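One letter stands for each residue in the lines below.
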Amino acid sequence: MTALLKATDLRREYRVQTGRGPFAAKAVLRAVDGVSFEIEAGRTLGLVGESGCGKSTTGKLALGLIPPTSGTVRHRGVAMPPAGSTAWRELRRKMQMVYQDPLGALDRRLPVGVQIIEPLVIHAALPPNEHRERARTVMAAVGLQPHQFDSYPHELSGGQRQRVVLARALMTEPSLLVCDEPISALDVSIQAQVVNLLLDLQDRLGIAYLFISHDLRVVRQVSHDVAVMYLGRIVEQGEAESLFAQPAHPYTRALVSAIPVTGGGPRRDQLLLQGDPPSPVDVPAGCAFHPRCPFAVAQCRSERPALEVLPDGRQVACHRVHEPALGIAA
Ligand code: SF4
């Protein structure tokens, strides 16, 4: 079956200054470094990792919002057209973005109804006399009241504003939503409502999600498959249930073991991460995770591990994944 979205060996590099002044040295920042994944229709791929690991850049590459340095993105087998082209705009109707901060994503000067209709205007997706009716239908689907069509963003709660953002994204009947930290700016009390709404919309409309988050508790709840990123690369990828039940890569183990257990507090078998991730302009040689990995050996400091497919179909990039004594083998 052809994947709804297929990214192959995506790379995105930036030239950055490493010091001050006009003569400062330049370095290459590899924000995304050889990332491949697939998303099937109606399924969710959770993309997780610490801040700065390249998750959001991957999301923008998936939508063609920024061009890759190399690599390809295909939507239903068709290569992503150049950004701004007519073919790209047509494809963008089917792939929408939901950002982290709903207030920042909305224009405070305009009623939310006008902003919900905006994608139909941009894409000329329906006759103008049908816009308002479609907006009311979609607003009802995300739990907004008809009278809120004329409300301004500041008159709504954080959860209602995120529902407005979702309604706007749904107006063109997309098959894929890229959700970039969609609940992290919301109060904890509202987060569950928005997560349940996303799950409900997927059930009813068959939408696929690329769900980007640093919150593994939520990713576990919404994802069918999960990809774990570290310094621009995927270090583990596979079916969510088995990945959370038995994480194979030491970095995934650390992230999963830090998920609070019911009743609060860390798990007893927690694998603590030492320090912060290194700078992406100065990625350690070998396995990029080796300065923080409790299982690192000499090979890890010199050889970069390739993603290897394990018997359960999972992909893991770790030299020691097959050593049962370490308890990291799947
Ligand atoms: Fe740790 Fe080595 Fe595996 Fe990297 S390759 S995760 S340093 S054991």
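The structure presented is a predicted model; accordingly, all values stated were derived computationally and were not measured.

Enquirer: Give me the lowdown on the packing of helix 4 (residues 112–123) against helix 5 (residues 131–141), citing residues and values where you can.
Expert: Running from amino to carboxyl end, helix 4 crosses helix 5 at an angle of 125 degrees, the nearest separation of the two axes being 9 Å. Relative to helix 5, the element helix 4 is oriented oblique. With respect to the hand of their crossing, helix 4 and helix 5 are arranged in right-handed fashion. Across the interface between the two elements, Ile116, Ile117, Leu120 and Val121 from helix 4 touch His131, Arg132, Arg134, Ala135 and Met139 from helix 5. Of the residues assigned to the contact of helix 4 with helix 5, the class counts are six nonpolar, one polar and two charged.

Enquirer: An account of the environment of Asp225 is needed here, citing residue identities and associated values.
Expert: Note on placement: Asp225 falls in strand 9 (residues 225–230). Along the sequence, Asp225 and Glu40 sit 185 residues apart, while their C-alpha atoms lie 10.0 Å from each other. Residues in contact with Asp225, not counting those within four places in the same chain, are Arg43, Thr44, Leu45, Gly46, Gly238, Glu239 and Ala240.

Enquirer: Which residues make up helix 4, and what values go with them?
Expert: Of the positions making up helix 4, those classed as buried are Val112, Gly113, Gln115, Ile116, Ile117, Pro119, Leu120 and His123. Tucked inside the fold, the buried residues of helix 4 contact helix 2 (86–92), strand 6 (95–98), helix 5 and helix 6 (158–170). Note on helix 4: the residue one or two positions beyond its end, Ala124, has a positive phi of about 45 degrees.

Enquirer: I'd like to hear about the packing of aromatic side chains, residue by residue, with values.
Expert: The final tally for this structure, using the stated rule, is three aromatic pairs. Their ring planes at 80 degrees and their centres at 5.1 Å tell us that Tyr230 and Phe289 sit as a pair that is edge-to-face. With a gap of 59 residues between them, Tyr230 in strand 9 and Phe289 in the loop between helix 10 (250–257) and helix 11 (298–302) connect regions that are remote in the sequence. The class for Tyr230 is buried, based on a relative accessible area of 3%.

Enquirer: Tell me about the site of the ligand, and please be specific about residues and values.
Expert: Lining the immediate surroundings of the ligand are His249, Pro250, Cys287, Phe289, His290, Cys293, Phe295, Ala296, Cys300, Cys318, His319 and Arg320. Taken together, the residues of the shell around the ligand break down into eight nonpolar, three polar and one charged.

Enquirer: Mind laying out the side chain of Thr172, listing which residues take part and the relevant values?
Expert: Take Thr172: it is sitting in the loop between helix 6 and strand 7 (176–180). According to the relative accessible area criterion, Thr172 is buried, its value standing at 4%. A polar contact of 2.8 Å, which involves the side chain of Thr172, links it to the backbone oxygen of Arg93. Here the side chain of Thr172 touches Gln96 through a polar contact of 3.1 Å, side chain to side chain. In contact with Thr172, not counting residues within four places along its chain, are Arg93, Lys94, Gln96, Pro119, Leu120 and His123.

Reading the values: rules and limits
Residues numbered from 1 in each chain as written. Predicted model: local features only at pLDDT ≥ 70, side-chain atom pairs only at ≥ 80, totals over all residues. Heavy atoms only, no water. Axes fitted to C-alpha atoms, helices over the stretch in contact; angles between N-to-C directions. Helix = DSSP H or I, 4+ residues; strand = E, 2+ residues; numbered from the N terminus. Parallel < 35°, antiparallel > 145°, perpendicular 65-115°, else oblique. Left-handed = near helix turned anticlockwise from the far one by under 90°. Contact = heavy atoms within 4.5 Å. Nonpolar A, V, L, I, M, F, W, Y, C, P; charged D, E, K, R; others polar. Buried < 20%, exposed > 50% of the residue type's maximum accessible area, 1.4 Å probe, protein only. Phe/Tyr/Trp six-rings, centres within 6.5 Å; stacked < 30°, edge-to-face > 60°. Near = heavy atom within 4 Å. Polar contact = N/O pair within 3.5 Å; in protein donor to acceptor, adjacent residues only side chain to side chain.

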